[in-house]
Amino acid sequence: ACLGSGLSIGGVNAEVALGQWEYQVGGPGINAVATCDHLWVSRFLLNRIAESRGVSVELDPKPVSGDWNGSGMHANFSTKDMREEGGLKHINAACDKLGLPANLENIMSVYGEGLERRLTGDHETCSLKEFKCGVSDRGASVRIPWHVEKQGRGYFEDRRPNSNADPYKVATYLLEATAGEVESNEQ
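Note that the structure is predicted; figures quoted are calculated from it, not measured. Counting of residues starts from 1 at the beginning of each chain's written sequence and follows it residue by residue. Note on the predicted model: pLDDT of at least 70 is required for a residue's local features to be given, and 80 or more for side-chain atom pairs to be given and counted; whole-chain, interface and lining totals, by contrast, use all residues. Hydrogens are left out, water is left out, and the side-chain values use all remaining heavy atoms of the structure.

**Things to note about the pairing of strand 2 (residues 21-25)**
Where we set the bar: At least two bridges found by DSSP between two strands are what make those strands a pair. Only DSSP runs of H or I covering at least 4 residues are called helices, and only runs of E covering at least 2 are called strands; the numbering of each starts at the N terminus.
The pairing of strand 1 (residues 9-14) with strand 2 spans 5 bridges and is antiparallel. By the bridge assignment, Val12 is partnered in strand 2 with Tyr23. In textbook terms, the turn of a hairpin is the stretch between consecutive antiparallel strands, and for strand 1 and strand 2 this stretch comprises 6 residues, one of which, Gly19, has a positive phi near 75°.

**A few points about the sheet that holds strand 4 (residues 133-135)**
Heads up, the condition is: Only the stretch in contact is used when fitting a helix axis, every axis being a line fitted to C-alpha atoms; angles between N-to-C directions are given from 0 to 180 degrees. Two residues qualify as a contact provided that any one of their heavy atoms is within 4.5 Å of a heavy atom in the partner residue.
Spatially, 3-6-5-4 is the arrangement adopted by the 4 strands of the open sheet, whose pairing is mixed. Two strands in the sheet have a free side with no partner beyond their single neighbour: strand 3 (75-77) and strand 4. Mean inter-strand twist for the sheet, computed between neighbouring axes without regard to direction, equals 25°. In terms of strand pairing, strand 3 meets strand 6 (residues 156-158) through 3 bridges, oriented antiparallel. Counterpart to Phe77 in the pairing with strand 6 is Phe156. Helix 3 (residues 88-98) contacts strand 4, strand 5 (142-144) and strand 6 of the sheet and is inclined by roughly 170° relative to strand 5.

**Focus: the side chain of Asn69**
As a reminder, the rule being used: The cut-offs for exposure are 20% and 50% of the maximum accessible area for each residue type, with area from a 1.4 Å probe on protein chains only; residues under the lower value are buried, those over the upper are exposed, and the others partly exposed. Think of a polar contact as two N or O atoms within 3.5 Å of one another; within protein, one of them needs to be a possible hydrogen donor and the other a possible acceptor, and neighboring residues in sequence only count if both atoms come from side chains.
Checked against the element boundaries, Asn69 lands in the loop between helix 1 (32-52) and strand 3. Given a relative accessible area of 15%, Asn69 falls into the buried group. A distance of 3.5 Å separates polar atoms of two side chains, one belonging to Asn69 and the other to His123. The residues touching Asn69, leaving out its near neighbours within four places in the chain, are Val16, Lys62, His123 and Glu124.

**Here's the deal with the side chain of Asn103**
For Asn103, the position within the fold is in helix 4 (residues 101-110). A relative accessible area of 11% means that Asn103 is categorised as buried.

**Considerations on the pattern of salt bridges**
The condition is simple: Any carboxyl oxygen of Asp or Glu that lies within 4 Å of a side-chain nitrogen of Lys or Arg is treated as forming a salt bridge with it.
Under the counting rule described, the total for this entry stands at 8 salt bridges. The partner of Arg117 in a salt bridge is Asp60, with the nearest N and O atoms 3.0 Å apart. You can see Arg117 sitting in helix 5 (residues 115-118) and its partner Asp60 sitting in the loop between helix 1 and strand 3, a full 57 residues away along the chain. A salt bridge links Arg160 to Asp158, with the shortest nitrogen-to-oxygen separation between them at 2.9 Å.

**Points about the packing of aromatic side chains**
This is how the line gets drawn: For Phe, Tyr and Trp, where Trp contributes only its six-membered ring, two rings pair if their centres lie within 6.5 Å, and the inter-plane angle classes them as stacked under 30 degrees, edge-to-face over 60, or tilted in between. As a reminder, the over-ring test applies to NZ of lysine and CZ of arginine, requiring each to be within 6 Å of the ring centre and within 35 degrees of the ring normal.
A full pass over the atoms with the stated rule returns 2 aromatic pairs. Where Phe77 meets Phe156, the ring centres are 5.3 Å apart and the plane angle is 45°; that geometry is what we call tilted. Taken together, the residues Phe77 in strand 3 and Phe156 in strand 6 connect sequence positions 79 residues apart. Of the two residues, Phe77 and Phe156, both sit in the buried class. Between Tyr111 and Tyr173, the aromatic rings sit 5.3 Å apart at their centres with planes inclined by 85°, giving edge-to-face as the arrangement. With Tyr111 in the loop between helix 4 and helix 5 and Tyr173 in helix 7 (residues 167-177), the pair connects residues that are 62 residues apart, well separated along the chain. For the pair formed by Tyr111 and Tyr173, the shared burial category is buried. Residue placement shows Arg43 over the ring face of Trp40; its charged tip is 5.0 Å from the ring centre.

**Focus: helix 7**
For the record, the criterion: By construction, the arc corresponds to the directions joining the helix axis to the C-beta atoms.
Among all positions in helix 7, only Pro167, Val170, Ala171, Tyr173, Leu174 and Ala177 are buried. For helix 7, the buried positions fall inside an angular range of 160° around the axis, keeping them on one side. Contacts made by the buried residues of helix 7 are with helix 1, strand 3, helix 3, helix 4 and strand 6. Put simply, Asp166 is the residue that caps the front of helix 7, since its side-chain oxygen is 2.9 Å from the backbone nitrogen of Tyr168.

The following block contains the structure:
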C-alpha cells in the first residue's frame, strides 16, 4: 500500500518481540519534511488496513509490560557535510551536541509519550538518564553504523525516539540540537 501510494519505504523486518515489525521511511534522497509526511501517511495506511482486517496497531513504546523490548522510532540523520569526505568529524560534533545537558532535557517533550518506560538501559536501550554515542553499539543513545566509521562519512542513528513520537518534532529537535552542523535548509 505504501509503495503503491508513492511513499519512500526503504525496508521491512521483524523485530524482537512477537508481532513487532519495523519499516524504514525516507532516505538520502528524501528531505526531512517529506520523510515525516510519508511516515504519517504510512501510519494512516497501516491503521486503516489493520482496521479492515479486525487487527489493531499499537504504537505504545512498551506494549507488553515486564521484561520485553520496547518499540522505537529510530531516526537516521545526516547533513550534506556528514555525507561527504571527512563527514565523520561532523557526525561526532553533532553527537557531542546531542549529549549536552540542555539537549538531554528536551527529549522528554519531543521523543514521545512513555519514554521513561522504554529507555531503561535494558533491552538494547541506553538509560534515559545518560547519553552514549558509539559505533555499532545497539545500547547507545546514538549509534554510528560500522560502515559509516569505516567510510569516514554517512549518518548517525538516534535510537531514543519512541514508536509513538511525532516525526516533525524529532526532526526539528535534531536540526536545532545539532545547529552549526547544518549549514542550509537544503540538507
